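These are the residues of each chain, in order.
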Amino acid sequence: MTQPRTGAQMIVQALKDQGVDVVFGYPGGAVLPIYDEIFLQNEIRHILVRHEQAAVHAAEGYARSTGKVGVALVTSGPGATNAVTGLTDALMDSIPIVVLSGQVPTFMIGNDAFQEADTVGITRPCTKHNWLVKDTASLSSTIHEAFHVARSGRPGPVLVDIPKDVQFASGSYTPKQKARTSHYQPKLKGDTAMIEQLADAIATAKRPIFYTGGGVINSGPAASQLLRELVEQTGFPITSTLMGLGAYPASGKNWLGMLGMHGLYEANLAMHGCDLMINVGARFDDRITGRVQDFSPKSKKAHIDIDPSSINKVIHVDMPIIGDVAHVLEDLLRIWKSKGRKTNAEAVAKWWDQINEWKKVDCLQYSNSETTIKPQYALERLEALTKGRDRYITTEVGQHQMWAAQYLGFDEPHRWMTSGGLGTMGYGQPAAMGVQIAHKDSLVINIAGEASWLMNMQEMGTMVQYHLPVKQFILNNERLGMVRQWQELLHGERYSQSWSEALPDFVKLAEAFGAKGIQCSDPKDLDDAIMEMLDYDGPVIFDCLVEKHENCLPMIPSGEPHNKMLLPNSSTKDAIAAPGAVLV
Amino acid sequence: MSPLKIKKGSSRHSAYDLRDPNADVIERHTLAVIVDNEAGVLARVIGLFSGRGYNIESLTVAEIDHLGHTSRITIVTTGTPAVIEQIKAQLGRIVPVHEVHDLTVEGACVERELALFKVAGEGDKRVEALRLADVFRANVVDSTLTSFTFEITGSPEKIDAFAELMRPLGLAEMARTGVAALARG
Ligand SMILES: Cc1cc2nc3c(=O)[nH]c(=O)nc-3n(C[C@H](O)[C@H](O)[C@H](O)COP(=O)(O)OP(=O)(O)OC[C@H]3O[C@@H](n4cnc5c(N)ncnc54)[C@H](O)[C@@H]3O)c2cc1C
Ligand SMILES: Cc1ncc(C[n+]2csc(CCOP(=O)(O)OP(=O)(O)O)c2C)c(N)n1
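Keep in mind it's a predicted model, so treat the numbers as computed, not measured. (Residues numbered from 1 in each chain as written. Chains lettered and ligands numbered in written order. Predicted model: local features only at pLDDT ≥ 70, side-chain atom pairs only at ≥ 80, totals over all residues. Heavy atoms only, no water.)

Participant: Help me understand the site of ligand 2, please; the structure alone is not making it clear to me.
Facilitator: Residue and element names in this part refer to chain A. Contacts to ligand 2 come from 17 residues, most closely from Q399, H400, G423, S452 and G481. For ligand 2, an oxygen atom lies 3.2 Å from a polar atom in the backbone of A451. Within the backbone of R479, an N or O atom sits 3.2 Å from an oxygen atom of ligand 2. Look at ligand 2: alone it shows 590 Å² of surface, and the protein chains cover 76% of it. Residue composition of the shell around ligand 2, grouped by class: 7 nonpolar, 8 polar and 2 charged. (Near = heavy atom within 4 Å. Polar contact = N/O pair within 3.5 Å; in protein donor to acceptor, adjacent residues only side chain to side chain. Areas by Shrake-Rupley, 256 points an atom, 1.4 Å probe, with all protein chains shown as cover. Nonpolar A, V, L, I, M, F, W, Y, C, P; charged D, E, K, R; others polar.)

Below, the structure is given as structure tokens:
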């Protein structure tokens, strides 16, 4: 039997056993024993953020860019409530993170003690699971279980709430290997009969499409590899959601670009007109389906998803396959090859002809300007000047996020971190911090709008403290651009509260934090300015002053089906009809 | 379409192929959910129903295996077939949930509920209440000179019927447990 340890020692030991090398956190009274243990060791690095929301987003960025579980540590009460937005964000986007929170001692719970909050109650709906640990004996096994739940099946955030007396008390440590095996063991292998049926459908399809999503990224690098092979084998066109970008390379010949509300014309029309839709790890989100009744009316639909509740939630499918993407694709490829199957090449070639017609519409065209930087142009230049580099991109939320998805290309998974499901302004900067911690020598850029960026700007302090050379690429339109666009489309151009007024001087702000600031407003200077940003060894705020009233197009107005897209040269005034107006 | 090969009785049990998912008729289903008997598990189940806007007609819970620390929650809910499928899948996602059984589609089942009725009255009404209680096989568990307390077990419909009869006879108070249900055989 090992010698007894305190709860706080067990926590640090359990994190080490789980392979954790970095924790993002912020101290307070209820976690002091844990901070003391962190002080006494060197294996786990602690990154002191400036706000607990940022700790959680940083853990998300770390997790999404590595495939590992991210960890955040917060104190009781306000520390825990500040973590709620990050937890909800991770739940919506299926990001595996473990948040450890301090709690008032067990004997004071329920007394409205100082900095007491019902943390498990508050976070129950925004975690995959959470625990309040009431005795030290179960502490280490609970932490091991927490990691297991966060990473298994459909990944997600979990929280372990640990009262201070439990951190002080002693007990015996349960190592990872000895922790009791959980009954929570989601099924990974898909149903073979159904996979065979899908192989048959692939052989006969005339107008097929792969619609892939975040589940491919969640499943790991093998899934992306298998997906590429399957696309190669079949020659079918492929599109992806915002969350799945990079699983299939943007430079790949079958790539149609992103689909959905701000997706590409050819991708959306192919989804609308297909006869076989193969959904791989995507969840028929409302940004994708538009009006559900008119969604891809003529297709047979297959859906590969590890979460049974994703199946038939929004769209009824003909071939549900519950399992992990990599496992199912491996079986599918094996069945496909063993039968020496061929696709209906003639029909598929005709389908490609049709798709190539749609491509000619060139839906991402925009009218460039000699005098003003267009946001699309800024991203095109950033893409050109960073191509081939070891690059990771995060974003904030708004027009800039959608332009980034449209104009940047991702050739590998885990390179693109964005808040999709919750759409959390303030996500990108701390997420970039987490990415840079995990990939010390890589180029990490946060594509931001000025309004989103201000929501977690305090983290510049963290970046400077830890020498994190993240580049903040702010497309500054002095507007809450996405809101302004909707007001133009929906509310007669009455721009209620959608102006970013009294903005700081971003260059001075950067300097005040001890970082470098660059401002650019002339398209002719842009390349040099971007190069200056890239060449600087340290954090940079790049204030890119762009066209103020540019609209992000193409766009499927809310409440409309896929084949009713607004293209760059169409009129946007009152483009959203009354029934669509209630939708978000 | 070939049926999903999912172990019957597992939380992944599904009836996709049995009913029309697009039907918009409202069905009433009795679900049995086996859960770890741990703090907060009931809050998770109830939070799921309120958070996603599902209906609960009745809900009962008690530990059924003391050594294994498991409880059985019986939920009667209503919804379209698609909503009922979602409810089952969502319940299956809750980490401490071991199994979800849809007793309504898994075959015949027995459903029982227990209720206590306090009926206050004198004279003929008192006699009539006692006579009807006998017909319904309700037991008298407490009596005073001015009231009876009856205990009755049966299907929810039977208890509804008994309540209707007691109302004009001086029904003063009533307590119901909600449905407990088991598959037959
Ligand atoms: C302003 C704004 C605009 C947006 N516009 C668009 C748009 O135009 N187009 C667009 O695509 N999105 C858009 N989004 C994002 C959108 O809201 C959703 O977040 C996104 O579409 C969901 O992506 P997904 O379907 O890939 O699902 P995810 O949220 O990534 O979910 C993954 C799915 O895969 C499953 N899964 C997880 N792991 C595995 C595994 N190992 N094996 C199998 N399955 C697994 C999960 O159960 C889940 O069903 C926008 C967001 C914002 C903020
Ligand atoms: C925390 C939060 N609050 C409000 C919103 C609603 N919202 C979505 S986009 C947006 C405007 C974003 O402005 P900016 O960051 O400048 O980006 P732009 O759209 O101009 O590129 C707002 C307010 C949100 N997504 N998140």
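Participant: Explain the UniProt feature "domain: Thiamine pyrophosphate enzyme central" (unreviewed entry) in chain A to me, please; I cannot follow it from the model alone.
Facilitator: Under the local residue numbering, the UniProt record ascribes the feature "domain: Thiamine pyrophosphate enzyme central" (unreviewed entry) to residues 195-332 of chain A. Note that residues 195-332 of chain A is 37% helix and 20% strand, and that its end C-alpha atoms are spaced 6 Å apart. (UniProt positions renumbered as here; feature names shortened; annotations may be inferred. Helix = DSSP H or I, 4+ residues; strand = E, 2+ residues; numbered from the N terminus.)

Participant: Looking at this structure, how should I read the site of ligand 1?
Facilitator: Residues and elements named next belong to chain A. Close to ligand 1 lie 37 residues, the nearest being G214, T241, H262, R283 and D305. Note that an oxygen atom of ligand 1 is positioned 3.2 Å from one of the backbone N or O atoms of G281. In this structure, an oxygen atom belonging to ligand 1 sits 3.0 Å away from a main-chain N or O atom of G420. Taking 1000 Å² as the accessible area of ligand 1 by itself, protein coverage stands at 96%. For the shell around ligand 1, the secondary structure elements donating two or more residues are α10 (214-219), α13 (286-289) and α17 (399-407).

Participant: Quick question: what am I supposed to make of the UniProt feature "domain: ACT" (unreviewed entry) in chain B here?
Facilitator: What UniProt calls "domain: ACT" (unreviewed entry) maps, in this numbering, to residues 30-105 of chain B. Note that residues 30-105 of chain B is 32% helix and 41% strand, and that its end C-alpha atoms are spaced 9 Å apart.

Participant: Whenever I open this one, the sheet that holds strand β9 (residues 208-212) of chain A confuses me. Can you help?
Facilitator: Strand pairing in a sheet is mediated by backbone hydrogen bonds. Such pairs are either parallel or antiparallel. Residues and elements named next belong to chain A. Here 6 strands make up an open sheet; going across it, the order is β11-β10-β9-β12-β13-β14 and the pairing parallel. Bordering the open sheet on either side are β11 (255-258) and β14 (319-322), each of which pairs with just one other strand. Across the sheet, the mean angle from the axis of one strand to that of its neighbour is 15°, orientation sign disregarded. As judged from the 2 bridges shared by strand β10 (residues 238-240) and β11, these two strands associate in the parallel manner. Of the residues in β11, the one forming a bridge with S240 is M258. The strands that helix α12 (residues 265-273) touches are β9, β10, β11 and β12 (276-280); relative to β11, the one it contacts most, it runs at about 105°. (Pairing = 2+ DSSP bridges. Axes fitted to C-alpha atoms, helices over the stretch in contact; angles between N-to-C directions. Contact = heavy atoms within 4.5 Å.)

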